Structures are given as structure tokens and as C-alpha cells.
Amino acid sequence: MVKERILLIEDEEDIMTLMKYNLEREGFRVETALSGEMALRIARENLPDLILLDIMLPGMDGLDVCRVLKNDKITMRIPVIMVTARGEDSDIVSGLDIGADDYIVKPFSTKVLTARVKAVLRRDRYDDVPFKDPVIRIEGLEIDTIRHRISVNGEKIDLTATEFGILVHLARRPGWVFTRTQIINSIKGDDYPVTDRSVDVQVVSLRRKLGGFGDRIETVRGVGYRFKE
Ligand code: CA
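Just so it is clear, the structure is predicted and the values come from calculations on it, not from any experiment. (Residues numbered from 1 in each chain as written. Predicted model: local features only at pLDDT ≥ 70, side-chain atom pairs only at ≥ 80, totals over all residues. Heavy atoms only, no water.)

Q: Let's hear about the coordination of the calcium ion: which residues, and what values?
A: In the first shell of the calcium ion, the protein supplies Asp11 (OD), Asp54 (OD) and Met56 (O), at 2.1 to 2.4 Å from the metal. Sequence positions of the donors to the calcium ion reduce to the motif D-x42-D-x1-M. Among the residues examined, aspartate 54 registers a relative accessible area of 3% and is labelled buried. Methionine 56 gets classed as exposed once you look at its relative accessible area, which sits at 54%. (Donors = N, O, S within 2.8 Å, 3.2 Å for Na, K, Ca; no water. Buried < 20%, exposed > 50% of the residue type's maximum accessible area, 1.4 Å probe, protein only.)

Here is the structure:
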């Protein structure tokens, strides 16, 4: 099997050495960069399969690096996992809004690190065949994205266009966290919400209408929402 290549961007050498060791032990090939500037050069030349990006870097910070990567046609498809310190929720939101694929909060265990890396790599492969099935089925929840119909345990439920849009966006990618801005951008109906607050209001109503499935729409504090796997 071909080893998947990870570019690890971390300025603290102890942490970098440990992460590199653990990822290599899991069978990945790991390249490293100590700065954002260096990372961008390596990313363009070597096109890694995934990038692990520390946010707090000297010089260009991780958010700037992510922005450049996601705006460059050559590197925009490479999945990026941001590595942040606890309490930097606003950085997580900014990172996801500019296209980062996931985040992981320091300190993390080796198990969490490798699980996230594998999940994002798997996700990336799924993305190549996007949403062929127009009907999403999750246990008793059935969403027909073409006829705009939804039922819970066989019972039809009426949703507004916006509520429907939010549900489809979240349910198509169970486990992914989306910021409010990403949710707003994904639904461009006539009555689409224009503020973070109105997304919250829509989610409250959506949860109520979904009854027993309502708690599948999970609030990720300080970041946004996700559909529980
Ligand atoms: Ca750092």
C-alpha cells in the first residue's frame, strides 16, 4: 500500500518530534515545516495528502497559511486539520470559515490525533463522489432532497425552506462541524438567515419539529453545529 503523506507544520520541536513519531508508527510518511512560509513552499512542491497546521506560529500564523492554501488552485484540495490551543474558539471558527477541514485541540492523545487524520483522509475520498443518492436515510429519518420531503419514522414533517437547507447540509456530513457562516452560505433560499443569531433560531425550531431526532443536531460550543454520527 502506498503510504499517505502528511505535512506537519509546528514550531515547537518537541511536539513536532512526538507527532511525527506517532504518525510514522501508524504508517504515514511525514514531512515537517517549522514556519508557515516554509510550509507553503513544501505544500506546492510536494502536494501532501493532508496538512496538520499549528495555528500559533512565528511570522505568518496558521490562519494566514490556511487562507493561502485554500485560495491557491494547486493546494486548495489538500485537507487541512488545524491544531489549536484550548480556548481559541474564535480561531477555530475563522479557520473553518476559510476552508480548514477539521481541528484538534491541544493537548491531544496520539489516539485522537491518528483517528482525526484517518477520518479526514477518508472523508476526502468520499468527496470525490459527491452525494449521488438524493435520499438521505439515517435510522428512522428520511430526507428526500429532490422532492423536499422529510419524514421521521414514516411520519411526514413540514419544514421551512431554510430549516430544510440546514438539515440537509448537516445530515449529509454526519460528524462534521460547521460554523454559522458556513451554514448561512450553504442555503441561499429566499428566506435564508443573514445573521448568526438567526441560524440559532432556525436550529431551535428545526430541533423541535424533528422530535426524537432533534438532539442529533448538536451544538458545538463556541464553534457551530454538527449532526451527531
Ligand atoms: Ca506553535
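Now that the structure has been shown, we can carry on.
Q: Summarise the confidence of the model for the protein; cite the residues concerned and give the values.
A: Here the protein shows a mean pLDDT of 90. Residues at 70 or above account for 93%. Helix H7 (residues 180-186) is the least confidently modelled element of the protein, averaging 86 in pLDDT, while strand E3 (residues 50-54) averages 98, the highest of any element. (pLDDT = per-residue confidence, 0-100. Helix = DSSP H or I, 4+ residues; strand = E, 2+ residues; numbered from the N terminus.)

Q: Got a sec to walk through the nonpolar core? Specific residues and values, please.
A: Membership of the largest hydrophobic core comes to 27 residues, with the highest contact counts inside it found for Ile143, Leu167, Leu210 and Ile217. If you list the elements that add at least two residues to this core, you get strand E6 (135-138), strand E7 (141-144), strand E8 (149-152), helix H6 (161-171), H7, helix H8 (196-210) and strand E12 (224-227). Examining the composition of this core, we find that six residues originate from one element, H6, more than from any other. Not counting the four nearest positions on each side in its chain, leucine 210 is found in contact with Leu141, Ile150, Val152, Ile157, Leu167 and Ile217. Counting residues in each nonpolar core, the second largest holds 26 residues, with Leu40, Ile51, Leu69 and Ile78 among its members. (Core = buried A, V, L, I, M, F, W, Y, C linked by side-chain atoms within 4.5 Å. Contact = heavy atoms within 4.5 Å.)

Q: Explain H8 to me, and be specific about the residues and the numbers.
A: The α-helix winds at 3.6 residues per turn, so residues separated by three or four positions along the chain end up facing the same way. Taking 1.5 Å of rise per residue, the 15 residues of H8 would be expected to cover 21 Å, and the 21 Å separating its terminal C-alpha atoms lies within 8% of that figure. When H8 is considered as a whole, its buried residues turn out to be Ser198, Val199, Asp200, Gln202, Val203, Ser205, Leu206 and Leu210. Where H8 ends, the next residue or the one after it, glycine 211, has phi of about 55°, a positive value. (Expected span 1.5 Å × (residues − 1).)

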